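What the coordinates show
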Amino acid sequence: MTWLVWRRQRAALLLCAALLGGTALVLVAARLLLTGAAAELGVTACLTDRAVDCTDGGRRYELYQSFRGFQGPARAWLWVLAPIVGMIAGAGLFAREFEQRTQVFALTQATSRTRWWATGIAVTLVPVLVAVAGLTLVASWALAPFAVLYEHYRIEPVDFDLSGVLPVGSALLAFAIAAAAGLLLRNSLATIVVTVLGWTLIFFVVLYDRYDYLPAETTTTPLTDTWRGWDGDTGPGTLPRDFGFLDAAGNRIDLTTFYRHCPVPTDMRVCAPTIGAVSVYRDYQPDSNYWPLQGITTAIMIVLSALTLAAGKLRLRRVV
Amino acid sequence: MGEGVVLRFDGVGKRFRRRWALRDCALELPRGRIAALVGPNGAGKTTAFMLASGLMRPTSGRVDVLGVDPGRSGMAAGASFVAQDKPLYRALRVDEMLRAGAVLNARGRWDTPYVLRLVDEAGVGLGERVGELSPGQRARVALALALGRRPDLLLLDEPLAELDPLARKQVMATLLAEAAETGTTVLLSSHVIADLEDSCDYLVLLRDGRVRLCGEVEELLAAHRHLTGPADSAADPGAGHVVHRSTVGRQTTALIRDTEVPPGFRAVTPTLDDLVLGYLQQEPAPTSTGSAA
Amino acid sequence: MEFRIERRSGVPTYLQIVAQTKQALRLGALQPGDRLPTAKDVVSRTAVNPNTVLKAYRELEREGLVEPRPGLGTFVLRSLARPGSEVDAQLRTDLEQWMRRATAAGLEHEDIDALVADVRDRHFRRDGRDG
């Protein structure tokens, strides 16, 4: 049975392998080029020490500029690659059986529906998830010097999604939607469309708030103190979530209210005390919340995937 | 289930949305028969196979295949099914397709040498791509895979449809030869009666989702008479027992059942063709289930 | 031996098999000890129902002409070939004379067949048909 699933899914799995493998090669090559260029320019510190500013002109800035065009598209590609791979693996699994009506053959042999369903999922999913995890490891190694150079931190948007276990969760979710949609729609093209729409919908409805699954930490700075950090800086490696003003009792003053009272050209230090603001608060996710947030987000993806797959299974139980 | 009955439908109905594909169907198929399931397109033949192979569940009634309820526990271990379109993995080679059969039957009966022999006899190369086989070869590979389960009951939905005359003969010959050797019960559907004459000894006739006739072909034929006579109404051929009558010019022909031959009529035992056509043309279609023998 | 089944003859298939076997026994094509083709052989050549073949063989067995031996097949017990007797020769001569008269009277092939079949059937009321 394992052999049959593998044989049927061979083309899809090979396509996934090609996409993942090709991407890994490009990433490794990019890292080698970057470190090579840094060594040639004599600015290797740009890639190892975050304290070094490489945007201040000269050779350092030359390095900064020459790889700038790569890292944006590369990160965007990585971001969509995991769900695409999951979708490719999942879309053909059941939809193609129903399109060619081979489920009529498969389900009238000495193999139960549950076994057919579960083996198909397991045999396809396990290698895909392992491969995505592998690519994630390669990507975090290959992109590490880029992160130093361009000052990315793992808890920031995109980096958060490209690292840890999230790519695996993302691929799993796309696979589950595709597999279940294949069972329900019985058509590959419709399955792909529904998977793209479904994954996007879930992302924006459920996962958009992934940085707020844990309560943020807060710092407050008295307004009288110093004016440094108006831009909401909570230190490197953290993710700002909110900032605003507090009155003497510690109540938050709505930013809209504040700016209506103190329009932008006014001197804040003069205006602020007139509506009772005595300090600035800043909410942020500290780096220490990286793994808990990764865990929660992935757990949500796993639960959604399981529910989706179970819905497909229910449909399979009813009619063929 | 009786000792000798391999397939039984008991008041079986199947509804798709608002339309009943099968309604109140009762039939029994004794072991060892080569049975024909006939009826016009849309009579419910395919639905009957889907129910018997557990791909669908009946809306009402009970299906029993070799002592198993297929809607509940899936395909009976001792039964095989070949759907009309002979679904096979088109991208696989023939040897891979056979391996697929072996793999899917790893927990059941599976006879690899037997399947290889059947495929060899069909003249199909193991290295050929399934999607590139001719319809006849495809049918024979599908039949080989079905027989590889060493079934006690073989369910074949329109096994001869879309085949050329030579392939029809070959498929039928293989089928009957293997049935002769193994004693497998066969239920096959067709809307071409000529395919079934001489091959089948049991008849199930479906029309409008209902079983009109069910029984041994010989007994059914013996219970009917095909009449030819003058069209004048004085001699009414077997009033009340006429299955179908038609008058062309001054001659009336009629299919009658269990009744005396009226004077002035010539009567012969009907052919299977006469019998089936008579019941398919019967008007109005009676609402009660006809069952003979 | 091979059976040729005439689909449109109106004669039940199993009777055709019985008749053709007897014909072979009469002509000496089958001798005592010969094995009849297996049901599988017959079926794969003629596409008739295997039960029909078995029914024909049972009929031949009932008439004491053949005997099934489990696992081996069905074997011929006795021949129907008769030594060419005086009676046969005389009958043949009579029939040939009659045939000449029939053709002289303008009867066609089919007319003669019908006439012969009718007379034969009146003598042997074997066929179960009415009319």
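Model, not experiment: these values are computed from the prediction.

Remarks on the sheet that holds strand S9 (residues 210-216) of chain B
Sheets are built from strands that pair by backbone hydrogen bonding, the pairs being arranged parallel or antiparallel. Residues and elements named next belong to chain B. Across the sheet, which stays open at both edges, the six strands sit in the order S5-S6-S7-S3-S8-S9 with mixed pairing between neighbours. Single-partner strands in this sheet number two, and they are strand S5 (79-82) and S9. On average, each strand axis in the sheet is inclined to that of its neighbour by 15°, with strand direction left out of account. As judged from the four bridges shared by S5 and strand S6 (residues 153-156), these two strands associate in the parallel manner. Each bridged residue has a counterpart across the sheet, and for Ser-80 the counterpart in S6 is Leu-154. Strands strand S3 (34-38), S5, S6, strand S7 (185-190) and strand S8 (202-207) of the sheet are contacted by helix H1 (residues 45-52), whose axis makes an angle of about 150° with S7.

Thoughts on the interface of chain B and chain A
Tallying the contact residues gives 28 residues for chain B and 23 residues for chain A. Of the roughly 2400 Å² buried between chain B and chain A on both sides combined, carbon and sulfur atoms contribute 60%. It is Leu-55, Tyr-89 and Leu-104 of chain B in chain B that bury the most area against chain A; as a group they hold 30% of the surface buried on that side. Between chain B and chain A we count two salt bridges in total. Between Glu-96 of chain B and Arg-7 of chain A there is a salt bridge whose closest N-O contact spans 2.8 Å. Linking chain B with chain A are nine residue pairs in polar contact (both at pLDDT 80 or more), by the criterion used here. Examining the composition of the side of chain B that touches chain A, we find that seven residues originate from one element, helix H3 (residues 94-104) of chain B, more than from any other. In terms of residue class, the side of chain B that touches chain A is built from 15 nonpolar, five polar and eight charged.

A short note on unusual backbone geometry
One non-glycine residue, Glu-151 of chain A, adopts positive backbone phi at about 55°. Position of Glu-151 of chain A relative to the elements: it lies in the loop between helix H7 (113-149) and helix H8 (159-162). Overall, the relative accessible area of 47% leaves Glu-151 of chain A in the partly exposed class. Look at Asp-24 of chain B: it is not a glycine, yet its phi comes out positive at around 55°. Note on Asp-24 of chain B: relative accessible area 42%, which makes it partly exposed.

A closer look at the domain arrangement of chain B
Residues and elements named next belong to chain B. Taken domain by domain, chain B consists of domain 1 (5-217) and domain 2 (223-281). The straight-line distance from the C-alpha centre of domain 1 to that of domain 2 is 34 Å. On the side of domain 2, nine residues touch domain 1, which itself brings 13 residues to the contact. Counting each side, the surface lost to burial between domain 1 and domain 2 is near 920 Å², with a carbon and sulfur contribution of 78%. At the boundary of domain 1 with domain 2, the tally comes to three residue pairs in polar contact (both at pLDDT 80 or more). Of all elements in the fold, only S8 and S9 reach the threshold of two or more residues within the side of domain 1 that touches domain 2. Ranked by the residues each element gives to the side of domain 1 that touches domain 2, the list is headed by S8, at four residues.

A word on the state of the cysteines
Tallied over the full model, the rule gives two disulfides over all chains. With its sulfur 1.8 Å from that of its partner, Cys-262 of chain A forms a disulfide with Cys-271 of chain A. Judged by the sign of its S-S torsion, about -85°, the bond between Cys-262 of chain A and Cys-271 of chain A is left-handed. With respect to class, Cys-262 of chain A is no different from Cys-271 of chain A; both count as buried. Just so you know, Cys-214 of chain B is unpaired, no disulfide at all, and the nearest cysteine sulfur is the one on Cys-25 of chain B, 10 Å from it. For Cys-214 of chain B, a relative accessible area of 6% puts it in the buried group.

Section: the interface of chain B and chain C
Each partner contributes to the interface: chain B provides 23 residues, whereas chain C provides 18 residues. Between chain B and chain C, a total of about 1600 Å² is buried, with carbon and sulfur atoms accounting for 45% of that surface. When residues of chain B are sorted by the area they lose upon contact with chain C, Leu-176, Ala-180 and Asp-198 of chain B head the list and together hold 30% of the total. The interface formed by chain B and chain C includes three salt bridges. Between the two partners, chain B and chain C, sit nine residue pairs in polar contact (both at pLDDT 80 or more). For the side of chain B that touches chain C, the elements supplying multiple residues, two or more each, are helix H6 (165-182) and strand S13 (266-268) of chain B.

What to know about the UniProt feature "domain: HTH gntR-type" (unreviewed entry) in chain C
UniProt tags residues 11-79 of chain C as "domain: HTH gntR-type" (unreviewed entry). In the segment residues 11-79 of chain C, helix accounts for 52% and strand for 12%; the C-alpha atoms at its two ends are 24 Å apart.

Things to note about helix H8 (residues 272-281) of chain B
Of the residues making up H8 of chain B, those classed as buried are Leu-272, Leu-275, Val-276, Gly-278 and Tyr-279 of chain B. Projection of H8 of chain B onto a plane perpendicular to its axis shows the buried side chains occupying an angular sector of 160°, all on one side.

Some words on the side chain of Arg-75 of chain A
Looking at the secondary structure, you find Arg-75 of chain A in helix H5 (residues 68-99). For Arg-75 of chain A, the residues in contact, after removing those within four places along its chain, are Leu-143, His-152, Val-158, Asp-159 and Leu-162 of chain A.

A closer look at the pattern of salt bridges
All names here are of chain A. Tallied over the full model, the rule gives 28 salt bridges over all chains. With a shortest N-O distance of 2.9 Å, Arg-241 and Asp-212 are connected by a salt bridge. In this pair, Arg-241 sits in strand S2 (residues 239-247) while Asp-212 sits in the loop between helix H10 (188-207) and strand S1 (217-222), placing the two residues 29 residues apart along the sequence. When its relative accessible area of 33% is taken as the criterion, Arg-241 is described as partly exposed. Residue Asp-212 is classed as partly exposed on the basis of its relative accessible area of 42%.

Overview of the packing of helix H2 (residues 10-41) of chain A against H7 of chain A
Residue and element names in this part refer to chain A. Contact geometry for H2 and H7: axes closest at 9 Å, N-to-C directions at 15°. Considered as vectors, H2 and H7 are oriented roughly parallel to each other. Our pair here, H2 against H7, has a crossing hand that is left-handed. The residue inventory of the contact of H2 with H7, partitioned by class, reads 20 nonpolar, two polar and one charged.

Conventions and cut-offs
- Residues numbered from 1 in each chain as written.
- Chains lettered and ligands numbered in written order.
- Predicted model: local features only at pLDDT ≥ 70, side-chain atom pairs only at ≥ 80, totals over all residues.
- Heavy atoms only, no water.
- Pairing = 2+ DSSP bridges.
- Helix = DSSP H or I, 4+ residues; strand = E, 2+ residues; numbered from the N terminus.
- Axes fitted to C-alpha atoms, helices over the stretch in contact; angles between N-to-C directions.
- Contact = heavy atoms within 4.5 Å.
- Buried area = accessible area lost by both parts, 1.4 Å probe.
- Salt bridge = Lys/Arg side-chain N within 4 Å of Asp/Glu carboxyl O.
- Polar contact = N/O pair within 3.5 Å; in protein donor to acceptor, adjacent residues only side chain to side chain.
- Nonpolar A, V, L, I, M, F, W, Y, C, P; charged D, E, K, R; others polar.
- Buried < 20%, exposed > 50% of the residue type's maximum accessible area, 1.4 Å probe, protein only.
- Domains from an automatic or database assignment.
- Disulfide = S-S within 2.5 Å.
- UniProt positions renumbered as here; feature names shortened; annotations may be inferred.
- Arc of directions from axis to C-beta.
- Parallel < 35°, antiparallel > 145°, perpendicular 65-115°, else oblique.
- Left-handed = near helix turned anticlockwise from the far one by under 90°.

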